[in-house]
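An overview of the molecular structure
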Amino acid sequence: MTDESGAYDVVIVGGALMGSSIAYFLSENSDFDGTVLVVEPDSTYVNAQSTRSGNSFREQFSNPLNIKISQFGLEFLAEFHERVIVDRDVPDLNFRGTGYLFLATNRAALEVLGAEHEIQLANGADVRMLDPAEVGSQFPYMNTDRLVGARFGSEREGSIDGWALLLGFRQRARHNGVTYLSDRVVDLIEAEGRITGVRLESGGTVACGYVVNAAGPRAKLVAAMAGLELPVEPRSRTTFVFDCRAPIEQNVPLTVTPEGVHFRRERQHYVTGGVPIDDRAVGYDDLETRHGEFEELIWPVLASYVPQFERIAVVASWGGQYAFNVLDQNMIIGSPAALPNFIFANGFSGHGLQQSPAVGRGISELIVYGAYRTLDLTPLGYDRVTRNEPFHESAII
Ligand SMILES: Cc1cc2nc3c(=O)[nH]c(=O)nc-3n(C[C@H](O)[C@H](O)[C@H](O)COP(=O)(O)OP(=O)(O)OC[C@H]3O[C@@H](n4cnc5c(N)ncnc54)[C@H](O)[C@@H]3O)c2cc1C
């Protein structure tokens, strides 16, 4: 199919990180000579989760597949310049290799960190266990009184400018011939067990060979257009940026406390967030900043681990949404057996930024070769949802 007015081999619903990564990998594959349309209503991405993210990469997952997915993300960052350059222009990723520090305050939690550590080492991660004294000497700003231990990664883990990653995917995909259309998909057209086209908000229809659902927290709505149930719902996550009266003059890794609060240094500021006490589905347009969370939930935890954080002031904050897979908080990728040309790339919770390169590569392989060629992402497929078989990951933030 090559008619640019109304037929494409692949139509991607949503053009933020996932949609653009998939478009990028398809358009880079020399075995693919099809046409790709990305339908995205908001080219500013102001409400997309991709611009509201914590922007961090880690190797410290518990599931070997998730470790490998993020390791490919890190490899991709290392080659970003060559992979996305267009006319000598490359967005600046500004990678800061600060590592992640997971804290434990009781023996049971330490055992979990230790068990995950074994899996991470077996899968090539650079990570080590620290006792409280080692935490104190490496991070002297920390109050270690309650700690029984911690796990710390290396400078391979860290943070980037996520907007640059999205721009890089998009600029190269467009350069390679991918079309971005400013519109919204409002329905899917189905015939004889296949999606044959999409209906647009502007009134037109586009015929297609494949449809990819990359609609972030709205993925469930797009799945429903094909009569499919997707256990992905929007969950509120607020990010706070704060200043500290007595700044910490050293690396502050992305630190994860047992209370579900995380914090890290971002240049002269600090970034933090946590899991809301009442963590449940919110409205699709609810991007409200939950200001109360800072004083009620986050600040007491921050100050209990870092005494200097008793004197801080919030300087910025914004609301966001996890696309939360209620089955197991892992991504759902691939097509359902009943509808083989409808492909999901959904349910990434707080991991989608680092997972976007592996997801883009994997889905491009599914479309071009009919199977994964590099990393086998089959265990993360839709069929586990219909079988109600969670694919476990214990290192969730
Ligand atoms: C507070 C917060 C912190 C995070 N921290 C991290 C982190 O540190 N590390 C990490 O790896 N990940 C992190 N994430 C997760 C990461 O940001 C997301 O998983 C990732 O951005 C998801 O990208 P996406 O393209 O799937 O979704 P989105 O960025 O939400 O994009 C979906 C797009 O689909 C479009 N769309 C929706 N419906 C339609 C339709 N009907 N037709 C056409 N287009 C449509 C939307 O306009 C939108 O642009 C965080 C997320 C949040 C909210």
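Residues numbered from 1 in each chain as written. Predicted model: local features only at pLDDT ≥ 70, side-chain atom pairs only at ≥ 80, totals over all residues. Heavy atoms only, no water.

Overview of the domain arrangement of the chain
According to the domain assignment, the chain contains domain 1 (7-79 + 161-231 + 327-386) and domain 2 (100-155 + 233-322). Each partner contributes residues to the interface: domain 1 has 23 residues there, and domain 2 has 26 residues. Both sides of the domain 1 and domain 2 interface together cover about 2000 Å² of buried area, and 51% of this is carbon and sulfur. When the buried surface of domain 1 facing domain 2 is broken down by residue, Arg52, Gln60 and Pro217 rank first, second and third, together holding 31% of it. Across the pair Asp285 and Arg218 runs a salt bridge whose closest N-O atoms are separated by 2.4 Å. Across the domain 1-domain 2 interface, the total number found is 12 residue pairs in polar contact (both at pLDDT 80 or more). Residue assignment for the side of domain 1 that touches domain 2 shows that the elements contributing at least two residues are strand E3 (56-57), helix H2 (64-78) and helix H7 (219-224). In terms of residue count, H2 provides more of the side of domain 1 that touches domain 2 than any other element does, 4 residues in total. Grouping the constituent residues of the side of domain 1 that touches domain 2 by class yields 7 nonpolar, 10 polar and 6 charged. (Domains from an automatic or database assignment. Contact = heavy atoms within 4.5 Å. Buried area = accessible area lost by both parts, 1.4 Å probe. Salt bridge = Lys/Arg side-chain N within 4 Å of Asp/Glu carboxyl O. Polar contact = N/O pair within 3.5 Å; in protein donor to acceptor, adjacent residues only side chain to side chain. Helix = DSSP H or I, 4+ residues; strand = E, 2+ residues; numbered from the N terminus. Nonpolar A, V, L, I, M, F, W, Y, C, P; charged D, E, K, R; others polar.)

Examining the pattern of salt bridges
Within this structure, the stated rule accounts for 18 salt bridges. Residue Glu59 pairs with Arg156 through a salt bridge whose shortest N-O separation is 2.5 Å. A residue pair is termed long-range when its members are at least 10 positions apart, and Glu59 in the loop between E3 and H2 and Arg156 in the loop between strand E6 (149-153) and strand E7 (158-159) qualify at 97 residues. A salt bridge links Arg151 to Glu116, with the shortest nitrogen-to-oxygen separation between them at 2.7 Å. Remark: Glu116 occurs in helix H4 (residues 107-122) and Arg151 occurs in strand E6; sequence separation between them is 35 residues. Both residues of the pair, Arg151 and Glu116, belong to the buried class. The network of salt bridges with common partners includes Arg96, Arg264, Glu266 and Arg267. (Buried < 20%, exposed > 50% of the residue type's maximum accessible area, 1.4 Å probe, protein only.)

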